[in-house]
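Reading the structure
Residue strings, one per chain:
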Amino acid sequence: MTTRRKFLQLGTLASLTPLTKAWGLGKSTSQSSKPVVLSTWNFGIAANVEAWKILSTGGRALDAVEAGARVPEGDPKESSVGLGGLPDRDGRVTLDSCIMDEFANCGAVACLEHIVHPVSVARKVMEKTPHVFLVGEGALRFALSQGFKKEKLLTKESEKAWKEWLKTAQYKPVANIENHDTIGIVALDNKQNLSGACTTSGMAYKMQGRVGDSPIIGAALFVDNEIGAATSTGVGEEVIRIVGSHLVVELMRQGNSPQQACEKAVQRIVKNQPVKSKEIQVGFLALNKNGEVGAYALQKGFTYAVYNQEQGNVLLEAKSYY
Ligand code: SD4
């Protein structure tokens, strides 16, 4: 797993660039830098590379975000997304994912087991069913009917970590910011269309059946093609309480820059949870129609990757409230 500690050693992989300089954050410039893609955490760099192959050749943002999310999903070394994700307290790897396009079409799955690429199942829900959201056994059955293969997602490493955890079985549903990471990815394509996707294995050792923000449209992901797109990571319960990504997009609609919108959403969490917010991590990413980006988190250490033509693929650290 690439931890945020290792992020500090990633100098050769991607340059750390001061946010305000590189991305014009906070400016109300109409200067367009499309296409652009941004993704959460260090694995955002690799996710962006796949997304960029599509965006840079004139492809659709929807295809780009799906391709990007599939990267950490399929990486057994990432213990927080798909294959190799840390299990719930009963040893079951259950995945949550959603996707949304420029027409407000959306699809989602939650508590999905045995499928390496839940984002692609979410897309099938969006495209092949009259529904938005399938969960558990029904989601699995649907995935299998669409040709997805049933696989074992619990790797030796994850099983070992789970067995170690079982010795004390201490569960604090607060951020231990090393025990969960989610791929959230939003993109703007050449035609100026926006899309986004989000996938996670959720909080490690969660209660069976627990679902966080990641598959919930409006919470961990929202796209409004007139305005912008947003995604979140961190303790999902706090994001759900403020319907975070929808809030960020609506704040942009009111005239806030992506950066201001992310900051106001995080401040809302602090206002709701003045004590708890000191101990947990939540981060937001936002992208508007002009290709401007924003990022903000409760705590230090929220990294994300941005890729566009001018800057290439850069790993940045978001500013934080604390
Ligand atoms: C969840 N938001 O299940 C996810 C976890 C996460 O970084 O984002 N971790 O609550």
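Heads up: the structure comes first, above all this text.
These lines cover the structure that appears in this document, whether it is placed above or below. (Residues numbered from 1 in each chain as written. Predicted model: local features only at pLDDT ≥ 70, side-chain atom pairs only at ≥ 80, totals over all residues. Heavy atoms only, no water.)

Comments concerning the overall build of the protein
Which entries qualify depends on this criterion: What counts as a helix is a DSSP run of H or I of at least four residues, what counts as a strand is a run of E of at least two, and both are numbered from the N terminus. Using a 1.4 Å probe on the protein chains alone, a residue whose accessible area is under 20% of its type maximum counts as buried, one over 50% counts as exposed, and one in between counts as partly exposed. Between two residues, a contact is recorded if the distance between any of their heavy atoms is within 4.5 Å.
Tallying secondary structure elements over the protein gives ten helices and 13 strands in all. Taking all 322 residues of the protein together, the buried fraction comes to 61%. Within the protein, counting contacts between residues at least 6 apart in sequence, those at least 24 apart form 67% of the total.

Notes on the nonpolar core
Soluble globular proteins: nonpolar side chains tend toward being buried together. The cut-off we apply is this: Definition of nonpolar core: a set of buried residues of the types Ala, Val, Leu, Ile, Met, Phe, Trp, Tyr and Cys, connected through side-chain atoms within 4.5 Å.
Membership of the largest hydrophobic core comes to 72 residues, with the highest contact counts inside it found for Val248 and Phe284. A total of six residues in this core trace back to one element, the largest contributor, which is helix α10 (residues 258-272). Apart from residues no more than four positions distant in its own chain, valine 248 is found in contact with Ala230, Ala261, Cys262, Ala265, Phe284 and Ala286. Judged by nonpolar contacts, the second largest core, of eleven residues, contains Val109, Ile115, Leu134 and Leu140.

A word on the packing of aromatic side chains
To be explicit about the condition: Pairs were defined over the aromatic rings of Phe, Tyr and Trp, the Trp ring being its six-membered one, requiring ring centres within 6.5 Å. Orientation was assigned from the angle between planes: stacked under 30 degrees, edge-to-face over 60, tilted for the rest.
Applying the stated rule across the entire model yields five aromatic pairs. Ring pairs connect the aromatic residues Trp41, Phe302 and Tyr304, which therefore count as one cluster.

Here's the deal with the pairing of strand β1 (residues 36-40)
Inclusion rule: We call two strands paired when DSSP finds no fewer than two bridges between them.
Across the five residues of β1, five count as buried, placing the element largely inside the fold. By the alternation rule, side chains of β1 split into Val36, Leu38 and Thr40 and Val37 and Ser39, which are all buried. Relative to strand β5 (residues 183-188), β1 is paired through four bridges, and the arrangement is antiparallel. The residue of β5 that forms the bridge with leucine 38 is valine 186.

Things to note about the sheet that holds strand β13 (residues 319-320)
Definition in use: Lines are fitted to the C-alpha atoms to define the axes, a helix being fitted only along its stretch in contact, and any angle between axes, read from their N-to-C directions, falls within 0 to 180 degrees.
Taken together, the five strands give an open sheet; going across it, the order is β7-β8-β9-β10-β13, and neighbouring strands pair in mixed fashion. Edge strands, defined here as strands with exactly one partner in the open sheet, are β7 (221-224) and β13. Across five bridges, strand β9 (residues 282-288) lies against strand β10 (residues 293-297) in antiparallel orientation. Within the sheet, the bridge partner assigned to alanine 286 lies in β10 and is glycine 294. Packed on one face of the sheet, helix α9 (residues 244-253) meets β7, β8 (228-234) and β9 and runs near 145 degrees to β8. Strands β9 and β10 of the sheet are contacted by α10, whose axis makes an angle of about 20 degrees with β10.

Describing helix α5 (residues 118-128)
Most of α5 is tucked away, with eight of its eleven residues classed as buried. Of the positions making up α5, those classed as buried are Pro118, Val119, Ser120, Val121, Ala122, Arg123, Val125 and Met126. Summarising the contacts, the buried residues of α5 are in contact with α4 (61-73), β2 (95-100), β3 (106-112), β4 (133-135), α6 (136-145) and β6 (194-200).

Remarks on unusual backbone geometry
Here alanine 104, not a glycine, exhibits a phi torsion of approximately 65 degrees, which is positive. We note that valine 243 has phi near 45 degrees; this positive angle belongs to a residue other than glycine. In this structure, valine 243 sits in the loop between α8 (236-242) and α9.

Brief notes about empty space enclosed by the protein
Heads up, the condition is: Cavities and pockets are found on a 1 Å grid laid over the protein atoms alone: a cavity is a set of points where a 1.4 Å probe fits but cannot escape, a pocket is an open set with protein on both sides within 12 Å along at least five of seven lines, and a lining residue has an atom within 4 Å of such a point. Grid points are joined across faces, edges and corners, and a volume is the space filled by probe spheres set on the points. Classification used: nonpolar for Ala, Val, Leu, Ile, Met, Phe, Trp, Tyr, Cys and Pro, charged for Asp, Glu, Lys and Arg, polar for all others including Gly.
If you walk through the whole model with that rule in mind, you get two cavities of 30 Å³ or more. One number sums up the size of the largest cavity: a volume of about 80 Å³. Surrounding the largest cavity, 13 residues form its lining, Thr182, Thr200, Asp213, Ser214 and Gly234 being those nearest its centre. The leading source of residues in the lining of the largest cavity is β8, at three residues. Its residues placed into classes, the lining of the largest cavity shows one nonpolar, ten polar and two charged.

A closer look at the sheet that holds β1
Backbone-to-backbone hydrogen bonds pair the strands of a sheet. The strands run either parallel or antiparallel. With respect to topology, eight strands assemble into an open sheet ordered β4-β3-β2-β6-β5-β1-β11-β12, the strand pairing being mixed. The open sheet terminates on both sides in strands that have one partner only, identified here as β4 and β12 (312-317). Each strand axis lies, on average, 10 degrees off the axis of its neighbour in the sheet, ignoring direction. Inspection of the sheet shows β1 paired to strand β11 (residues 303-308) by five bridges, in the antiparallel sense. When the sheet's bridge partners are listed, serine 39 is paired in β11 with alanine 305. Of the strands in this sheet, β2, β3, β4 and β6 touch α5, which is tilted by about 130 degrees from β3.

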